[in-house]
Amino acid sequence: MTTINDVSNTDDKDLVELAGYHSYKHYERFSDIWVNGKRFDVIHTKYNSVSGLDALTVKNFETKEISIVFVGSEQLDKDWLGTNTKLIGTVPPQQIEDAKIYFQQMNDKYGEISSVSGNSLAGALTNAVAIDNPQVKAVTLNPAILPFGMVDSSEEYPNITNYYSKYDFLTGTEESLGLGDRIPGNKHGINNGVPLFSMLGSNHTGYIEADENGEFKIEVGVKGQPGHGFIYIGADDHIVTSLWTGSPLYGGQTEKIVLNKENLLLLSNGIQDQVKGRITNVQNYLNNSVSIVLDESMQFSTRVTVLQQTFQMMFDETAGDPLFNGISNTGTLIKGCIDHLITLLDAAEAKCRILNSILNSKPAEIIEFIASINIDVESLFAPAREYLNQLKDDVDNLVNGAQNIIQTYIPELFKGGKDMFVDAVVGELNAHYSIVHKNKEAVYNQLTNYEKQVKDIATSMFNKDQNLGSSIQSGISLADGVDAIQKTEIMNIENSPYLTIGMKIKELQVNLAHQQFTSLVTTILQPIVDNIYQIALFVESALSSIIFRVKAALNVGLYGNPVGLFISLFTDYEQKIKTAVNNAFVPLEEIKTIAETVRIGAGSMSANIPEMLQNFKPYIDTAIFEPGKFDDVRLYNISTLAILDEMEMLFNDIIFQLSNEKANAIEATLEVSKNVLSNLQILKEQVNRGTL
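This one's a predicted model, so the numbers in the text were calculated from it and none came from an experiment.

Participant: Would you mind going over the overall build of the protein with me for this structure?
Facilitator: Within the protein one finds 16 helices and 10 strands. The buried share of the protein, reckoned over its 692 residues, is 51%. Taking all contacts inside the protein whose residues are at least 6 apart in sequence as the whole, residues at least 24 apart take part in 74%. Carbon and sulfur atoms form 53% of the exposed surface of the protein, whose accessible area is close to 30700 Å².

Participant: When you look at the environment of Ser117 in this model, what are you seeing that I'm missing?
Facilitator: Along the polypeptide, Ser117 turns up in strand β5 (residues 115-120). Overall, Ser117 belongs to the buried group, its relative accessible area being 0%. Taking the C-alpha atoms as reference points, Ser117 and Pro143, separated by 26 residues in sequence, lie 9.9 Å from one another. Once you skip the residues sitting within four places of it in the chain, Ser117 turns out to touch Leu15, Ala19, Ile68, Val69, Phe70, Thr126 and Val139.

Participant: Just checking my understanding: could you explain unusual backbone geometry for this structure?
Facilitator: Where the residue is not glycine, phi is negative for most of them; where a peptide bond is considered, it is trans in most cases. Non-glycine residue Asn48 carries a positive phi angle of around 60°. By the secondary structure assignment, Asn48 is in the loop between β2 (38-46) and β3 (55-60). If you check the backbone angles, Asn142 has positive phi at about 50° while not being a glycine. Position of Asn142 among the secondary structure elements: in strand β6 (residues 137-143).

Participant: Even after reading the chapter, I still don't get the pairing of strand β1 (residues 32-35), so can you show me in this structure?
Facilitator: Note on strand geometry: in a regular strand, side chains alternate between the two faces of the sheet. Covered by surrounding structure in β1 are Ile33 and Val35 only, the residues Asp32 and Trp34 on the alternate face being uncovered. Once β1 ends, the chain turns through 2 residues before running back antiparallel as β2, passing Asn36 with a positive phi of about 50°.

Participant: Help me out: how do you make sense of the packing of aromatic side chains in this one?
Facilitator: Given two aromatic rings, one states the distance between the centres and the angle between the planes to describe the pair. Tallied over the full model, the rule gives 13 aromatic pairs. The rings of Phe311, Phe315, Phe517 and Phe616 are connected pair by pair, giving a single aromatic cluster. Note that Arg39 overlies the ring of Phe61, its terminal NZ or CZ placed 4.1 Å from the centroid. It is Lys64 that lies over the ring of Phe61; its NZ or CZ is 4.9 Å from the centre.

Participant: Please clarify how the packing of helix α3 (residues 94-110) against helix α4 (residues 121-132) should be interpreted in this entry.
Facilitator: Two numbers describe a pair of packed helices, the interaxial angle and the distance between the axes. Here α3 crosses α4 at 55°, and the two axes come no closer than 9 Å. Here α4 runs oblique to α3, going by the angle between their axes. By crossing handedness, the relation of α3 to α4 is classed as right-handed. Two secondary-structure elements touch here, α3 through Gln95, Ile96, Ala99, Lys100 and Phe103 and α4 through Leu121, Leu125, Ala128, Val129 and Asp132. A class-by-class count of the residues in the contact of α3 with α4 yields 7 nonpolar, 1 polar and 2 charged.

Participant: Can you help me understand a nonpolar patch on the surface in this one?
Facilitator: Side chains of Leu76, Trp80 and Leu81 sit close together on the surface and give an oily, nonpolar patch of about 350 Å² of accessible area. Relative to the assigned elements, Leu81 resides in helix α2 (residues 76-81). For Leu81, a relative accessible area of 52% corresponds to the exposed category.

Participant: Please clarify how helix α7 (residues 261-298) should be interpreted in this entry.
Facilitator: Counting along an α-helix, one turn takes 3.6 residues, and residues three or four places apart therefore face a common direction. The end-to-end C-alpha distance of α7, which contains 38 residues, comes to 52 Å, matching closely the 56 Å that a straight helix rising 1.5 Å per residue would cover. Taken as a whole, α7 carries its principal kink of about 35° at Ile271.

Participant: Would you take a moment to explain α4 for this structure?
Facilitator: In this model, α4 (12 residues) spans 17 Å end to end at C-alpha, consistent with the 16 Å of a helix rising 1.5 Å per residue. Residues of α4 that are buried: Leu121, Ala122, Gly123, Ala124, Leu125, Thr126, Asn127, Ala128, Val129, Ala130 and Ile131. In this structure, the buried residues of α4 make contact with β4 (66-70), α2, α3, β5, β6 and β7 (160-165).

Participant: Even after reading the chapter, I still don't get the packing of helix α12 (residues 504-552) against helix α14 (residues 573-624), so can you show me in this structure?
Facilitator: Contact geometry for α12 and α14: axes closest at 9 Å, N-to-C directions at 170°. Between α12 and α14, the angle falls in the class roughly antiparallel. Partitioned by chemical class, the residues of the contact of α12 with α14 number 28 nonpolar, 10 polar and 10 charged.

Participant: Explain the environment of Val282 here, please?
Facilitator: As for its position among the elements, Val282 is in helix α7. Here Val282 falls in the buried class, since its relative accessible area comes to 1%. The spatial distance from the C-alpha of Val282 to the C-alpha of Ser639 is 8.0 Å, given a sequence separation of 357 residues. Leaving out residues up to four positions away in the same chain, Val282 has contacts with Thr640, Ile643 and Leu644.

Calculation rules
Residues numbered from 1 in each chain as written. Predicted model: local features only at pLDDT ≥ 70, side-chain atom pairs only at ≥ 80, totals over all residues. Heavy atoms only, no water. Helix = DSSP H or I, 4+ residues; strand = E, 2+ residues; numbered from the N terminus. Buried < 20%, exposed > 50% of the residue type's maximum accessible area, 1.4 Å probe, protein only. Contact = heavy atoms within 4.5 Å. Areas by Shrake-Rupley, 256 points an atom, 1.4 Å probe, with all protein chains shown as cover. Pairing = 2+ DSSP bridges. Phe/Tyr/Trp six-rings, centres within 6.5 Å; stacked < 30°, edge-to-face > 60°. Lys NZ or Arg CZ within 6 Å of the ring centre and 35° of its normal. Axes fitted to C-alpha atoms, helices over the stretch in contact; angles between N-to-C directions. Parallel < 35°, antiparallel > 145°, perpendicular 65-115°, else oblique. Left-handed = near helix turned anticlockwise from the far one by under 90°. Nonpolar A, V, L, I, M, F, W, Y, C, P; charged D, E, K, R; others polar. Patch = residues over 30% accessible without salt bridge, like charges linked within 9 Å, V, L, I, M, F, W, Y side chains within 5 Å. Salt bridge = Lys/Arg side-chain N within 4 Å of Asp/Glu carboxyl O. Expected span 1.5 Å × (residues − 1). Bend = angle between axes of the 7 residues up to and from the residue.

Structure, rendered in structure tokens:
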């Protein structure tokens, strides 16, 4: 029969917290440290040694067990340069030798050392000591390797346990480089930490600074906003232990226990304290995820509007000219400008008629000496007027096309998902979480009934035993009554048909939306923009023709013959022509200048549209689901998944312990346990979809 573990003993969880958190606090001698509700007294410290070795020796206040906790890397010269860089070699650095000496000194001074621990470099020091002292228990968190040759590959080192954090960079690198065999003993992964670059350091040490309540948790989101909450990352919280023995569970089978009343009560209490406590964290994490998704859902109209406004602004700016401001909305400015050009053209036409009349009213004396010049005003101005009207039509088409894209097609970019949700990503997540939310509540309620059922069975077994004893002593027949036992329903939580492609749903939706939008803009708007460019070019060309003909009026042939020269000297005919030509030039030049501006703007717009479309993609990404909030949902789900993974491990052990028992009540409990495990696995699979 397995002896129930004394909860006051110094266990792996305590040693991991001492190594990853308290060792770096540099406590003074006689300080007391509280770890997992246990008091440890600092009875000796060693700081600022020549080799860089830092360590403290602590005594469990209740059990009097003595532990040495080595301190990980802190000093650049002694730890990093003087020790860590030498671990890859074959010669043990002095700090390792000093750690062995310190262990022996403490062992001589205070008696048997029961355990050693350390994190990172201190993990290597711990393992070096444990290799030479197989009687001592060694526990490390994310240890560094030992120099080549220190670990005997033929030895198992059962006294050494190394915990690898899921997101630790050191042990991950060591294993990937094939150096894992330089870490002796057992190695077990734990699901602490979060996959954030900013958390690299704490993922390695397993801890962040404790809050005022001594809790190790990171803040997620912004206080006061939906989804704000905390994730608990303390490494020792993620070491799963047997509900009966307190020994860590690593996924394998544990030693069989006897299912008596005490052990059933331990199971019931364990469900209450360990399982439901963790499931409460699961509830909080998932509730925060749900809050974020619901908030995004409520912001749907805003997200669509912001995306529409963003495109409007970006499209207007592609021209790089204020004249095009509002072209994706009403186009009032540029259309007003074209109207102004038409007015100018009318004015120029009128002035050219005046010029023509002057040309046709030459003094009679010179008629036979000069060439007759006539400006065909109607034929000259008709093409320009037609082009300007066409330009105006194209601008109308561009405005209408842009508005159609903004009003009709941009909202369409959000549609999709399994049920063609109006808001694809949010809709699918919402539908999935509505099922997950019900399922987690169902699992929690089932655990509550399960806990009560186990406790009732234990109590009933005790009462039955008591009654039997009384009956034997009194000689009175035993009553047939059986205590009422909480019934736990065997049930299967609901399957979810949603989020079958996991969190990739957003990436796919964003890519699809961006492709659709790019196609829309390039097939609807870009041809119109190119046409505006071409028509503006035609306008310039037509204006050039008019200007050329008007300038030709100056060559009336007054010079080059004696009569013409006489007329130019003694009449104002030439001056009248020059004045009329100049009057016609003013509006014509203005039209040409503005037409050129329109052409350049349209050209810039056409050239910049591809880049604008590329730059627009991040805005689609934000509009479909704000990336920071999406990451928060994923972060909560990753943390939920870690707990459910641990619960699966725990229930596998519970099922193993309840198996092959002949008592009907235990068999019934076993069936419930299997059902709980099955539901936890389904819930885990559903949450996992929110992490992929």
